[in-house]
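# Close look at the chain arrangement
One-letter residues, chain by chain:
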Amino acid sequence: MTFTQWFHRLGSPRWFYQASGKWLPWLAAATLILLVAGLVWGLGFAPADAKQGNSFRIIYIHVPAAFLALAGYYVMAVAGAIGLIWKMKLAEMAMRPAATLGAALTFISLFTGALWGKPTWGTYWVWDARITSMLVLFFLYLGVIALHYAYTSRDAATRAGAVLALVGTVNIPIIYKSVDWWYTLHQPATIKLTEAPTMHPAMFQPLVVMILGFYCFYALALILGLRAEILHRERRTRWVRELIGEDAV
Amino acid sequence: MLVRDLRLANRRRGDMANPLIFFVMVATLVPLGVSPEATRLAVMAPGIIWVMALLASLLSAESLFAGDYRDGTLEQALVAPQPLWVLVLAKITAHWLVMGLPLTLMSPLLGIMLSLPPAGYPALLASLALGTAALSLLGAIGAALTVAIRRGGLLLSLIVMPLYMPVLIFGASAVQQAVDGMAYGGTLAVLGALLAFAVMLSPFAAAGALRVGLHG
């Protein structure tokens, strides 16, 4: 099979729906194993931090969520770009679930960060460079989602969302750098937020497991969202009708 | 297109004046809400003037394509022989000339109202002149995306505000640095770089967004 054939097949929502149905159980199993293992290991067996005690354990949710929140924006933007350039249906459909997921993960990382901040620094919120950038990222996600809901036609909504996501992608490094610069200029200097460079392996290994688990979870949730989107958009085609008809019988 | 837009703006002076009046009115709200004390106001003046300029620019960005969309000029522009981005750039330039430039020229007045230290005025003028142009360019992308949506104004602000943040940071910082007696040339240069970057990309993005907005 040549590459172009493969590419076209990948772009077919029907093919993807059928193929992803086969991947789902494996992916779900991997997600479950990794997340349970990571959580039990991280929360139960990893040693408590010397200074922060047990409260540091929120890192096992916070860091993976933040990872995926950032990666998710690029997933969304790349999907949007592919949709715009090659008019690939599947990529266009992926944008909406990717935006919702990304916003949710950004919110989780902000929320857990606030919870973590309270016992550690004595405050829920500081205007730190990284936190502020995350907040801006959250706003960028919200903008894409709001734009999606504003258009009545889903096709137009996806394309508009794709343009905005691309503009956002160009802007993210600029926003990040300027927020960074702004922070160094103001120098509150009460709280040092640099990551512990020497994390003990016993603490670090569960974190890696959790990050992998979150990646699997992200893929799983994205595929599930994408499948729902495929069914919704292709609901007038014959194969979807047959599928639903069969399920009903 | 540029000349036409300027002429249109001249005929509807009321629309043109609204963002400026807004700019001055919010400036009156700040001392009422916070404190009329000159020392306290002076501390906040650079940031507040910049935030207000940003909001005024945001409010007026909505009208950038709305009129042309309603009377069909935009449809004509899409099929015109000139590339769309040239027309978009012309419209943005007109927008800046009727909004950003007067706003910049009025800013010393606000500086006086908010007792900005004298050292800040040159930086205020320079940073607003560069910054409002960048804001107009970025706002155009949002305006193009939301032009076909009913009540797109609020949505426009949601979309564009995160993109405005770097401009705000560097603009307000330049004024602050000038007030503190530091060299602010470098910060202005960054602001100029942001503007140059926006000039390069934003007309294309806005033109693409217009096509999407109008034809789905």
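Since the structure is predicted, the reported quantities are computational estimates derived from the model, not experimental observations.

## Overview of the overall build of chain A
Helix and strand counts for chain A come out as eight helices and zero strands. Secondary structure elements in chain A, listed N-terminal to C-terminal, are α-α-α-α-α-α-α-α. For chain A, the residues scored as buried account for 46% of the 249 residues in total. Pairs at least 24 residues apart make up 80% of the contacts formed inside chain A by residues separated by at least 6 positions. Carbon together with sulfur atoms contributes 69% to the accessible area of chain A, which is approximately 13,200 Å² in total.

## Side note on the interface of chain A and chain B
The interface is formed by 24 residues belonging to chain A together with 24 residues belonging to chain B. Taken over both partners, the interface formed by chain A and chain B buries close to 2,100 Å², and the fraction arising from carbon and sulfur atoms is 85%. Counting every contact that joins chain A to chain B gives one residue pair in polar contact (both at pLDDT 80 or more). Among the secondary structure elements, those contributing two or more residues to the side of chain A that touches chain B are helix H5 (129-150) and helix H6 (154-186) of chain A. A per-element tally of the side of chain A that touches chain B places H6 of chain A first, with 16 residues.

## So, helix H3 (residues 38-61) of chain B
Helix length check: H3 of chain B (24 residues) gives 33 Å between terminal C-alpha atoms against 34 Å at 1.5 Å per residue, within 8%. The principal kink in H3 of chain B, of about 55°, is found at Ala-45 of chain B, preceding the proline Pro-46 of chain B by one to four residues.

## A closer look at helix H8 (residues 153-179) of chain B
Given 3.6 residues per turn, any residue in an α-helix points the same way as the ones three and four places further on. The largest bend in H8 of chain B is about 45°, located at Met-161 of chain B, with the proline Pro-162 of chain B one to four residues further on. Of all 27 residues in H8 of chain B, 20 are buried, a share of seventy percent or more.

## Overview of unusual backbone geometry
The backbone of Ser-115 of chain B sits at a positive phi, close to 45°, despite the residue not being glycine. Exposure remark for Ser-115 of chain B: the relative accessible area of 23% places this residue in the partly exposed category.

## What to know about the packing of H3 of chain B against helix H7 (residues 121-146) of chain B
Packed helices, taken two at a time, are described by their axes: the angle between them and the distance between them. All names here are of chain B. The N-to-C vectors of H3 and H7 enclose an angle of 35°; their axes lie 9 Å apart at closest approach. The chirality of how H3 crosses H7 is right-handed. Contacts between H3 and H7 pair Ile-49, Trp-50, Ala-53, Leu-54, Ser-57 and Ala-61 from the former with Leu-124, Ser-127, Leu-128, Gly-131, Leu-135, Ser-136, Gly-139 and Ala-143 from the latter. For the contact of H3 with H7, a count of residues per class yields nine nonpolar, five polar and no charged.

About the cut-offs
Residues numbered from 1 in each chain as written. Chains lettered and ligands numbered in written order. Predicted model: local features only at pLDDT ≥ 70, side-chain atom pairs only at ≥ 80, totals over all residues. Heavy atoms only, no water. Helix = DSSP H or I, 4+ residues; strand = E, 2+ residues; numbered from the N terminus. Buried < 20%, exposed > 50% of the residue type's maximum accessible area, 1.4 Å probe, protein only. Contact = heavy atoms within 4.5 Å. Areas by Shrake-Rupley, 256 points an atom, 1.4 Å probe, with all protein chains shown as cover. Buried area = accessible area lost by both parts, 1.4 Å probe. Polar contact = N/O pair within 3.5 Å; in protein donor to acceptor, adjacent residues only side chain to side chain. Expected span 1.5 Å × (residues − 1). Bend = angle between axes of the 7 residues up to and from the residue. Axes fitted to C-alpha atoms, helices over the stretch in contact; angles between N-to-C directions. Left-handed = near helix turned anticlockwise from the far one by under 90°. Nonpolar A, V, L, I, M, F, W, Y, C, P; charged D, E, K, R; others polar.

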